[in-house]
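Descriptive structure summary
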Amino acid sequence: GKVRAPTHIISTISDDRGEEPCYAGVPMSSIVEQGYGVGDVISLLWFKRSLPRYCTHFIEICIMLCADHGPCVSGAHNTIVTARAGKDLVSSLVSGLLTIGPRFGGAIDDAARYFKDAYDRGLTPYEFVESMKKKGIRVPGIGHRIKRGDNRDKRVELLQRFARTHFPSVKYMEYAVQVETYTLSKANNLVLNVDGAIGSLFLDLLAGSGMFTKPEIDEIVEIGYLNGLFVLARSIGLIGHTFDQKRLKQPLYRHPWEDVLYTK
Ligand code: ACO
Ligand code: LMR
């Protein structure tokens, strides 16, 4: 009979062996002819399934809203400094991407993990926030450098408005809002930030769409797919900042002495 040589790689998301590449079994021609968008492509390559339009639209809104947030944030700053040091596009891009993490843009997965755990265990916002405080862990998805209770993040409002209109259920998001109400009673900077909004709303998307089993949702949350949304989105802005600096022929950046506290 036939002898199958052992393979060294297993891959389940795409296949380029036929006449045309397929994403999760969907041929490229269907993707183009049926007018799929980037949200559909993300659904196929990350989640291995076609999601309903309101889900792919939500993914696209996340990408658009997180594409950039000006030149002063950690990622753009790194990218700008790197581009001004004469480095190439990829170096400038990854320099900015490397700042994405627990404080900046990369709190989405942890926000989803902690909000899910707290909601599923029936913790009140008070019990949740105070238990985090006891453990010395900042609540992921809460807090912002410039946004305040009286100067909310427009991106959060836009995501919430979309989800309230189109999602069958927004129970995790409403829980995150209750957590925010409690944290805002403690300090005015402790708003629900864009990472927290996406983390909680993606839980609602996963649980409410009927497209995922419970073990699949647990696996997505455990592996941590959701920071990928910010990484992907912010790459758009970081690439833009690189081109901007090159176009403006900006010289090598050197931080001013006056802005450093030299001390022993
Ligand atoms: N949970 C609980 N308490 C908090 C939190 C939080 N998430 N954030 C701030 N505080 C409190 C703490 O008491 C903190 O004091 P501490 O330094 O003794 O812990 C106090 O507020 C002041 O905090 P600052 O460090 O001055 O706040 P800062 O403005 O520097 O931090 C940051 C902003 C990094 C976003 C912070 O709120 C945080 O760590 N949040 C959790 C991570 C997160 O969600 N990051 C994503 C932000 S959105 C984005 O990047 C796109
Ligand atoms: C961002 O999206 O980069 C911001 O929310 C972070 C910031 O400090 O403004």
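Residues numbered from 1 in each chain as written. Chains lettered and ligands numbered in written order. Predicted model: local features only at pLDDT ≥ 70, side-chain atom pairs only at ≥ 80, totals over all residues. Heavy atoms only, no water.

1. Comments concerning unusual backbone geometry
This is how it is decided: Put simply, DSSP marks the helices as runs of H or I at least four residues long and the strands as runs of E at least two long, and each gets a number from the N terminus on. Accessibility here uses a 1.4 Å probe with only protein chains present; expressed as a share of the type maximum, an area under 20% marks a residue as buried, one over 50% as exposed, and anything in between as partly exposed.
Its identity as a non-glycine residue notwithstanding, Lys-48 has a phi of 60°, on the positive side. Tracing the backbone through its elements, the reader meets Lys-48 in the loop between helix H2 (38-47) and helix H3 (53-65). Looking at Lys-48, the relative accessible area reads 43%, which means it is partly exposed. For Lys-249, which is not glycine, the phi dihedral falls at a positive 50°. For Lys-249, the position within the fold is in the segment after helix H12 (227-247).

2. Re the site of ligand 1
The test is simple: Throughout this document, a residue counts as near a molecule or strand when at least one of its heavy atoms sits within 4 Å of that molecule or strand. Whenever two N or O atoms come within 3.5 Å, that pair is a polar contact, provided that in protein one can donate a hydrogen and the other can accept it, and provided that, for residues adjacent in sequence, both atoms are side-chain atoms. Residue exposure ignores everything except the shown protein chains as possible cover, and the areas themselves are Shrake-Rupley values with a 1.4 Å probe. Only protein atoms enter the calculation, which uses a 1 Å grid: trapped sets of points that fit a 1.4 Å probe without letting it out are cavities, open sets showing protein on both sides within 12 Å along at least five of seven lines are pockets, and any residue with an atom within 4 Å of a point is a lining residue. The rule for placing a molecule in a cavity or pocket is simple: more than half of its atoms must lie within 2 Å of the grid points.
Near ligand 1 there are 19 residues, and of these Arg-138, Val-139, Gly-141, Ile-142 and Arg-145 occur at the shortest range. For ligand 1, an oxygen atom lies 2.8 Å from a polar atom in the side chain of Arg-138. Across the complex, the protein chains shield 66% of the 910 Å² of accessible surface that ligand 1 would expose by itself. Using a 2 Å cut-off from the grid points, one finds that ligand 1 occupies the largest pocket.

3. Considerations on the packing of helix H6 (residues 108-120) against helix H11 (residues 214-223)
Note the following rule: Axis lines are fitted to C-alpha atoms, over the contacting stretch for helices. Their N-to-C directions set the angle, which ranges from 0 to 180 degrees. Relative orientations are named as follows: roughly parallel for angles under 35 degrees, roughly antiparallel for angles over 145 degrees, roughly perpendicular for angles from 65 to 115 degrees, and oblique for any other angle. Residue contacts follow a heavy-atom distance rule, with two residues in contact if any of their heavy atoms lie within 4.5 Å. Under the grouping applied here, Gly and all other residues not named as nonpolar or charged are polar, the nonpolar ones being Ala, Val, Leu, Ile, Met, Phe, Trp, Tyr, Cys and Pro and the charged ones Asp, Glu, Lys and Arg.
At their nearest, the axes of H6 and H11 sit 8 Å apart, and the two run at 135° to each other. One way to sum up the angle between H6 and H11 is to call them oblique. Mapping the contact onto sequence places Ala-112, Arg-113 and Lys-116 in H6 and Ile-217, Asp-218, Val-221, Glu-222 and Ile-223 in H11. For the contact of H6 with H11, the class distribution of residues is four nonpolar, no polar and four charged.

4. Comments concerning the site of ligand 2
Around ligand 2 lies a shell formed by His-69, Val-73, Phe-104, His-144, Arg-155 and Arg-234. Within the side chain of His-144, an N or O atom sits 2.8 Å from an oxygen atom of ligand 2. With respect to ligand 2, the side chain of Arg-155 contributes an N or O atom lying 2.7 Å from an oxygen atom. Calculation on ligand 2 without its partners gives an accessible area of 270 Å², and the protein chains cover 85% of this total. Judged by the fraction of its atoms near the pocket grid, ligand 2 is located in the largest pocket. Each residue belonging to the shell around ligand 2 can be placed in one class, and the counts come to two nonpolar, two polar and two charged.

Distances and angles like these do not, on their own, reveal function.
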